[in-house]
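Take a look at the letters that make up each chain.
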Amino acid sequence: MDYNALAQQTAQEILGYSQDTSGWKVVKISKKVTVSSKVSKKFHGNLYRVEGVIPESTCKLSDFLYKPENRVTWDKALKVYNMVHKIDSDTFICHTITQSFAMGSISPRDFIDLVYFKRYEGNINVISSKSVDFPAYPPSSNYIRGYNHACGYVCSPLQENLAHSKLVMFVQTDMRGKLSPSITEVTMPSHLISFILNAKDGIKTHKVASGHGRHQGGHSSFLKKQ
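What this report covers is the structure whose coordinates are included nearby. On a predicted model such as this, the values are computed, not experimentally measured, just so you know. (Residues numbered from 1 in each chain as written. Predicted model: local features only at pLDDT ≥ 70, side-chain atom pairs only at ≥ 80, totals over all residues. Heavy atoms only, no water.)

**Section: the overall build of the protein chain**
Secondary structure summary: the protein chain contains four helices and 12 strands in total. Taking 2.2 N^0.38 as the reference for a compact globule, 226 residues should give roughly 17 Å; the C-alpha atoms of the protein chain span a radius of gyration of 16 Å, in line with that estimate. Principal-axis analysis of the C-alpha atoms places the extent of the protein chain at approximately 45 × 35 × 35 Å. Of the contacts made within the protein chain by residues no fewer than 6 positions apart, 64% connect residues no fewer than 24 positions apart. (Helix = DSSP H or I, 4+ residues; strand = E, 2+ residues; numbered from the N terminus. Rg over C-alpha atoms; globule rule 2.2 N^0.38 Å. Contact = heavy atoms within 4.5 Å.)

**With respect to the packing of aromatic side chains**
This structure, assessed with the given rule, holds eight aromatic pairs. With a centroid separation of 5.5 Å and 65 degrees between ring planes, the pair formed by Tyr66 and Phe117 is classed as edge-to-face. Of this pair, Tyr66 sits in helix 2 (residues 58–66) while Phe117 is found in strand 6 (residues 109–120), placing the two residues 51 residues apart along the sequence. Across the pair, exposure class does not vary: Tyr66 and Phe117 are buried alike. (Phe/Tyr/Trp six-rings, centres within 6.5 Å; stacked < 30°, edge-to-face > 60°. Buried < 20%, exposed > 50% of the residue type's maximum accessible area, 1.4 Å probe, protein only.)

**Describing the packing of helix 2 against helix 4 (residues 181–209)**
For the pair helix 2 and helix 4, interaxial distance at closest approach is 11 Å and the crossing angle is 105 degrees. Between helix 2 and helix 4, the angle falls in the class roughly perpendicular. Here Lys60, Leu61 and Phe64 of helix 2 come into contact with helix 4, specifically with Ala199, Gly202, Ile203 and His206. For the contact of helix 2 with helix 4, the residue count by class is four nonpolar, two polar and one charged. (Axes fitted to C-alpha atoms, helices over the stretch in contact; angles between N-to-C directions. Parallel < 35°, antiparallel > 145°, perpendicular 65-115°, else oblique. Nonpolar A, V, L, I, M, F, W, Y, C, P; charged D, E, K, R; others polar.)

**Focus: the environment of Ser210**
Checked against the element boundaries, Ser210 lands in the segment after helix 4. Each C-alpha atom, one on Ser210 and one on Pro108, is 32 Å from the other, the two residues being 102 residues apart in sequence.

**Concerning unusual backbone geometry**
In the Ramachandran plot, Lys31 falls in the positive-phi region, its phi being about 50 degrees despite a non-glycine side chain. Mapped onto the elements, Lys31 comes out in the loop between strand 1 (25–30) and strand 2 (33–39). What makes Lys31 exposed here is its relative accessible area of 62%. At Lys32, a residue that is not glycine, the phi angle is positive and equals roughly 65 degrees. Counting through the fold element by element, Lys32 comes out in the loop between strand 1 and strand 2. When its relative accessible area of 77% is taken as the criterion, Lys32 is described as exposed.

**A few points about the pairing of strand 3 (residues 46–54)**
For strand 3, the buried fraction is high: seven of the nine residues fall into the buried class. Relative to strand 3, strand 2 runs antiparallel, the two being bridged by six bridges. By the bridge assignment, Ser36 is partnered in strand 3 with Arg49. Hairpin geometry of strand 2 and strand 3 is characterised by an intervening segment of six residues between the two adjacent antiparallel strands. The sheet contact formed by strand 3 and strand 11 (residues 161–171) spans seven bridges and is antiparallel. Residue pairing in the sheet places Val50 in a bridge with Met169 of strand 11. (Pairing = 2+ DSSP bridges.)

**Re the nonpolar core**
Counting residues in each nonpolar core, the largest one holds 29 residues, and the members touching the most others are Leu65, Leu167, Met169, Leu192 and Ile196. Top contributing element to this core by residue count: helix 4, with seven residues. Formed by 21 residues, the second largest nonpolar core is a distinct cluster that contains Leu15, Tyr17, Ile93 and Val126. (Core = buried A, V, L, I, M, F, W, Y, C linked by side-chain atoms within 4.5 Å.)

Printed below as a string of structure tokens:
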């Protein structure tokens, strides 16, 4: 599999989602985070768009979200987040195991995702993620293997305050298993808002701990919030 070509294609898809203004329906607003959705063209489920403002520069926010080192310390939805294969400085494959959520009605899932970081003109950074087959990590009987269709983050400077960033996240996750789609539709918006709030808290804590030094946080996929 040509992972580099797939990574670039996925990043372009995420950028395209961010430029698509039609058909979105706002499904939840809480604590200055907005979740919208539309029917996914990839599977029988929804594509979610999550928007919020993060009090950090675009460069540092992107760095924090992309790197896997401390992801599980702030992302409360995850039990495991490991880089299992580094392709180059901007591309890697990760293995994720989620916590159960929705009061236990959605059991833990695991994912194998191709993660990629891409800079675009205008100080716009895209971090994309898409599930792939990776022979070294076949599905296990311990977890249902979920599938992330093109997911990711778009980080850009907030025009009113360039020291802050606008973060837009896109998620379209096939949970698989015998889960009713209605459970996902009901629980996912709150779950995605929690991710943004956890990221805000995580980057604030990391900034204090590192003395405003270089961030060593985790990338994001988000997408693995299942």
